[in-house]
Amino acid sequence: MAERAVHGRRSWAGAVGWSRPVADVALGVLTAAAEALFLLLAGLAVVAAAPVPPARRRLGTVTLRYARRITEWERHRLAVVASAPPPPPVRVSGPRVLGYLTARLLPAALGLLTAGLLVVGVVLAAIVVRSFVAGTMTAADLLLQGVIGAALLLLNLQAMVSVATLDRWLARRLLESTTREALQLRISELTVSRAGVLAAVDAERQRIERDLHDGLQQHLVALGMLLGRARRSRDPDRARELLVQAHEDTQRAIDELRDVAWRVYPSALEHTTLDEVLTMVAQRSAIPVRISYDVPVRPARPIETVLYFVACEAITNSTKHAGATLITIEIETRDAGIEMRVRDDGSGGADPHGSGLQGLARRVTALDGRFDLHSPPGGPTTIRAELPCA
C-alpha cells in the first residue's frame, strides 16, 4: 500500500509538472494580449500628442510608469510559476522596459501556436475515440493513432516548455542590470542618498535651533523674569507665589528639553526595545495608537532609530493634519529586512514633498531602504518603510 501511495504521489507530481508549463504559457498569452493592447494605445496617444511637447512628455512619463507596473506583474508571475522568491524592483531604463514588453510578443505568438496545436490534438483524439466506439476503426488503427498522438503530445508539451523558458530568458536578459549598469546605478543612488542625508542634517539642525529658540529659550527667559520679580518682591506671600510659578515653569522647560532631546535621538532605545519605546510614544498621543510588533531578533540601533522617527512623524502628521481617529503601526520581519506600515483613517491627501516626509525618506534611503507613501484624497494614509537587516 505504501508503494502504491508513493507511486500515486509521483504520478500526481508528474501531472502537475507537465500542467505547469501549459498554464504558464496560457496565462502568458493572455497577459501578452493585454500588453499588446497597452502598447498600441500608448503609441497612438504619443503620436496624437506629438504636436504638443508638454503633453507628449507627460504622456511619456505616464506610459513608462504603467509599463513598469505591468513589467513588475510579469516578473512576479514568472517567479510564482518557477516557485522562486519575489524579484527585486526593476532598475533598468524606460526604453528597456518597453523593449521587454515588445519582445514578449514573440513567446506569446509561439505560445498561442502551441496552445492551438494542443487544442487541435485534443479534438482529433476525441474524433479517433468516437470512431473506435462507433466501430469504424479497428483496434490496430486505434493503437497506431494513439502512438502517433502521444508522440505529437510530447513534442507539443516540450514546445510549451521551450516557450516558457524563452519567456523567462527574455525577462532575465532585458530586465536584469549588467554588472557595470548595477555599479553605475548604485553610485548614482549613493550620491543622491549622500546629498539627501546632508540636506536632512541641515534641516534637522534648523529645526532644533527653532525649537530651542521658540520654545525652551522663551521658557527660560520667562523663568528668569519670575525669579527676578520674586527676589525684588518685599511681600513674602507674593514672593512665594512667584517661586511656585517659577517651579512650574521649570518643570515645563524640563519637559520641553526632554522632547527636543527625544526628537534628536531617542535615548530610551539604549536600555529598552523599539516596541516599548513606541508604546510610550503612543501613550502620549492624542489619537489611539495600536502597535503590532513581530520582530524575533532585535535589529541594529540605526534601524530602530529610523523606524522610531518614521512612527513619530506619522503620528504627528495624523494628529495635526489628517483628523484621524485611529493609527495602526505594524512592524514585522520580511525576507531579509524589516517592514513598518503606519496607517491612519484620516482624510488623506498628504504631500509627499513636505519637509517632514522628505526627511523621513532621506533617513530610510540612507540605510539602503525603501520609503513609500500612499495617501489618496479621502484617505486612508499608509506609510511603508522597508529596511535591510542582516
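Note: the structure precedes this text.
This text gives an overview of the structure that appears in the document.

About the criteria used
- Residues numbered from 1 in each chain as written.
- Predicted model: local features only at pLDDT ≥ 70, side-chain atom pairs only at ≥ 80, totals over all residues.
- Heavy atoms only, no water.
- Helix = DSSP H or I, 4+ residues; strand = E, 2+ residues; numbered from the N terminus.
- Contact = heavy atoms within 4.5 Å.
- Areas by Shrake-Rupley, 256 points an atom, 1.4 Å probe, with all protein chains shown as cover.
- Phe/Tyr/Trp six-rings, centres within 6.5 Å; stacked < 30°, edge-to-face > 60°.
- Buried < 20%, exposed > 50% of the residue type's maximum accessible area, 1.4 Å probe, protein only.
- Lys NZ or Arg CZ within 6 Å of the ring centre and 35° of its normal.
- Pairing = 2+ DSSP bridges.
- Patch = residues over 30% accessible without salt bridge, like charges linked within 9 Å, V, L, I, M, F, W, Y side chains within 5 Å.
- Salt bridge = Lys/Arg side-chain N within 4 Å of Asp/Glu carboxyl O.
- Axes fitted to C-alpha atoms, helices over the stretch in contact; angles between N-to-C directions.
- Expected span 1.5 Å × (residues − 1).
- Core = buried A, V, L, I, M, F, W, Y, C linked by side-chain atoms within 4.5 Å.
- Parallel < 35°, antiparallel > 145°, perpendicular 65-115°, else oblique.
- Nonpolar A, V, L, I, M, F, W, Y, C, P; charged D, E, K, R; others polar.

## Digging into the overall build of the protein chain
Of regular secondary structure, the protein chain possesses 10 helices and five strands. Across the protein chain, contacts joining residues at least 24 apart in sequence account for 67% of those joining residues at least 6 apart. Accessible surface for the protein chain amounts to roughly 24,000 Å². Of this, 64% is attributable to carbon and sulfur atoms.

## Looking at the packing of aromatic side chains
A complete count under the given rule lists one aromatic pair for this structure. A centroid spacing of 5.4 Å and a plane angle of 70° characterise the contact between Tyr-308 and Phe-309, whose relative ring orientation is edge-to-face. By relative accessible area, Tyr-308 is classed as buried at 3%. Above the face of the Tyr-66 ring, Arg-69 is positioned so that its terminal group lies 5.2 Å from the ring centre.

## Side note on the pairing of strand S4 (residues 370-374)
Taken residue by residue, a regular strand's side chains alternate between the two faces of the sheet. Of the pairings in the sheet, the one linking S4 to strand S5 (residues 381-388) comprises five bridges and is antiparallel in character. Among the inter-strand pairings, Asp-372 is bridged to a residue of S5, identified as Arg-384. Hairpin connection of S4 to S5: six residues between the antiparallel strands, including Gly-378 at a positive phi of 95°.

## Concerning a nonpolar patch on the surface
A surface patch of nonpolar side chains, amounting to about 440 Å² of accessible area, comprises Val-119, Val-120, Val-123, Leu-124 and Ile-127. Here Val-123 is to be found in helix H4 (residues 105-134). Judged by relative accessible area, which is 45%, Val-123 ranks as partly exposed.

## Re the environment of Tyr-66
You can see Tyr-66 is positioned in helix H2 (residues 53-81). For Tyr-66 and Phe-38, which are 28 residues apart along the polypeptide, the C-alpha to C-alpha distance reads 9.3 Å.

## Looking at the pattern of salt bridges
Under the definition given, this model contains 15 salt bridges. A salt bridge links Glu-72 to Arg-75, with the nearest nitrogen and oxygen atoms 3.7 Å apart. With Glu-72 and Arg-75 both in helix H2 and three residues apart, this pair spans about one turn of that helix. The partner of Glu-386 in a salt bridge is Arg-384, and the shortest N-O contact between them spans 2.0 Å. Given the relative accessible area of 23%, Arg-384 is considered partly exposed. What emerges from the salt-bridge pattern is a single network uniting Glu-330, Glu-332, Glu-339, Arg-341, Arg-343, Arg-370, Asp-372, Arg-384 and Glu-386.

## What to know about the sheet that holds S4
The sheet built from five strands is open, its strands ordered S1-S2-S3-S5-S4 with mixed pairing. The sheet is open, and its two edges are formed by strand S1 (289-294) and S4, each paired on a single side. Going across the sheet, the axis of each strand differs from the next one's by a mean of 10°, ignoring polarity. Alignment of S1 against strand S2 (residues 327-334), held across six bridges, turns out to be parallel.

## Re the side chain of Glu-35
One can find Glu-35 in helix H1 (residues 2-48). With relative accessibility at 3%, the residue Glu-35 sits in the buried group. When near neighbours in sequence (up to four residues on either side) are disregarded, Glu-35 contacts Ile-70, Glu-74, Leu-101 and Arg-104.

## Describing helix H10 (residues 355-366)
In an α-helix, one full turn covers 3.6 residues, which means residues spaced three or four apart are oriented alike. The first and last C-alpha atoms of H10 sit 16 Å apart over 12 residues, in line with the 16 Å expected at 1.5 Å per residue. For H10, every residue scored as buried is listed here: Leu-357, Gly-359, Leu-360, Ala-361 and Val-364. Where the residues of H10 are buried, they touch helix H9 (301-322), S4 and S5. The positive-phi residue at the C-terminal boundary of H10 is Asp-368, with phi of around 65°.

## Comments concerning the nonpolar core
Membership of the largest hydrophobic core comes to 35 residues, with the highest contact counts inside it found for Leu-307, Tyr-308, Ile-329, Ile-331, Met-340 and Phe-371. The set of elements that each furnish at least two residues to this core consists of helix H8 (274-284), H9, S2, strand S3 (337-344), H10 and S5. In terms of residue count, H9 provides more of this core than any other element does, 10 residues in total. Counting residues in hydrophobic clusters, the runner-up holds nine residues, among them Phe-38, Ala-67, Leu-78 and Leu-175.

## Things to note about the environment of Gly-60
Its place among the elements puts Gly-60 in helix H2. Spatially, the C-alpha atoms of Gly-60 and Gly-94 are 9.8 Å apart, while their sequence positions differ by 34 residues.

## Description of the packing of helix H3 (residues 94-103) against H4
With their axes 5 Å apart at the nearest point, H3 and H4 run at an angle of 15° to one another. One way to sum up the angle between H3 and H4 is to call them roughly parallel. Where H3 approaches H4, its residues Leu-101, Thr-102 and Ala-103 are matched on the opposing element by Leu-105, Leu-106 and Pro-107. Of the residues contributing to the contact of H3 with H4, the split by class is five nonpolar, one polar and no charged.

None of the figures reported here should be taken as evidence of function without further support.
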